[in-house]
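Below, each chain spelled out in residue letters.
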Amino acid sequence: MPTNKTAFTTGLRDGLPIAAGYLAVAFSLGIVAKKAGLTPFQGFLSSILNHASAGEYAEFTVIMAGAPYLEMAFIILITNMRYLLMSCALSQKFDPAAPYSHRLLVGFGITDEIFGISIGKPGALNPFYTYGAMAIALPSWALGTAMGVVAGNVLPKSLVSALSVALYGMFIAIIIPAAKASRIVGGVVIVSFLASFIASRIPFLAGLSDSMKISLLTVLIAGAAAILFPIKEKDGTESSQDKRQNPEVTEHDA
């Protein structure tokens, strides 16, 4: 496992494209925050504490509707529910001896993109890698929201949309290598795309939020893959499939 300093520096580097995408996406979110009556500081504070665009959009919608705090808390819980699953999955990547405080801190900063680059690291995960990605990505998310509140609707929507392309490029960079390394992973990715598309077209699921759909599909697809294609553990430290895909990782490194 790399040293804490090396892991943190690597996380900073890998978090740069995430930060660039977040700045653009959060900027457009800040325009919504301005419509809800938030100041730049309030927009910044909201984004530094809530790291999901869907959750924040729901939050600003509730504010504009003048709904009570209890309703806001419930809606944000539902829209951000998938991060409970991501936090549980990522905690399994840590060394068993890792302090519980690391699990809490990493769980606080989990986003779709930070989870993606963290879960993709071979072997045991050094939490300082995730801290490095968080250190560059999360402030960028909050700063983008504050800038959006200030700018309002000055910039055209086409420009804001174009700036967010970096985020989709980063998604592709995460998915393709893992899918090429394992046919099973590639198949699960394809099934996930198809299932997500089908779920978006089923009428009786229309009342569910996108986050709830993602959470349900994650549990169903991941559970089915675990049952159909189980990965046997070797010496209780690293899976045999992971060994085959990463032969340079030794038992000590795992």
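Residues numbered from 1 in each chain as written. Predicted model: local features only at pLDDT ≥ 70, side-chain atom pairs only at ≥ 80, totals over all residues. Heavy atoms only, no water.

A.B. asks: Looking at this structure, I do not really get the packing of helix H1 (residues 4-35) against helix H7 (residues 112-119). What am I missing?
C.D. replies: When two helices pack together, their arrangement is given by the angle between their axes and by how far apart the axes lie. Between H1 and H7, the least distance of the axes is 10 Å, while the angle of their chain directions is 165 degrees. In terms of orientation, H1 lies roughly antiparallel with respect to H7. Taken as a pair, H1 and H7 cross one another with a handedness that is right-handed. Contact with H1, carried on its side by Asp 14, Ile 18 and Tyr 22, involves Glu 113, Ile 114 and Ile 117 of H7 and no other residues of that element. Counted by class, the contact of H1 with H7 contains four nonpolar, no polar and two charged residues. (Axes fitted to C-alpha atoms, helices over the stretch in contact; angles between N-to-C directions. Helix = DSSP H or I, 4+ residues; strand = E, 2+ residues; numbered from the N terminus. Parallel < 35°, antiparallel > 145°, perpendicular 65-115°, else oblique. Left-handed = near helix turned anticlockwise from the far one by under 90°. Contact = heavy atoms within 4.5 Å. Nonpolar A, V, L, I, M, F, W, Y, C, P; charged D, E, K, R; others polar.)

A.B. asks: Honestly, the packing of helix H2 (residues 40-49) against helix H8 (residues 127-151) in this entry has me stumped. Any pointers?
C.D. replies: For the pair H2 and H8, the least separation of the axes is 8 Å and the interaxial angle reads 150 degrees. Put simply, H2 runs roughly antiparallel to H8. Of the two possible hands of crossing, H2 and H8 adopt the one that is right-handed. Note on element contacts: H8 touches H2 through Leu 138, Pro 139, Trp 141, Ala 142, Leu 143, Thr 145, Ala 146, Val 149 and Val 150, opposite Pro 40, Gly 43, Phe 44, Ser 47 and Ile 48. Of the residues belonging to the contact of H2 with H8, the class tally is 11 nonpolar, three polar and no charged.

All quantities given are derived from atomic positions and should not be read as evidence of function.
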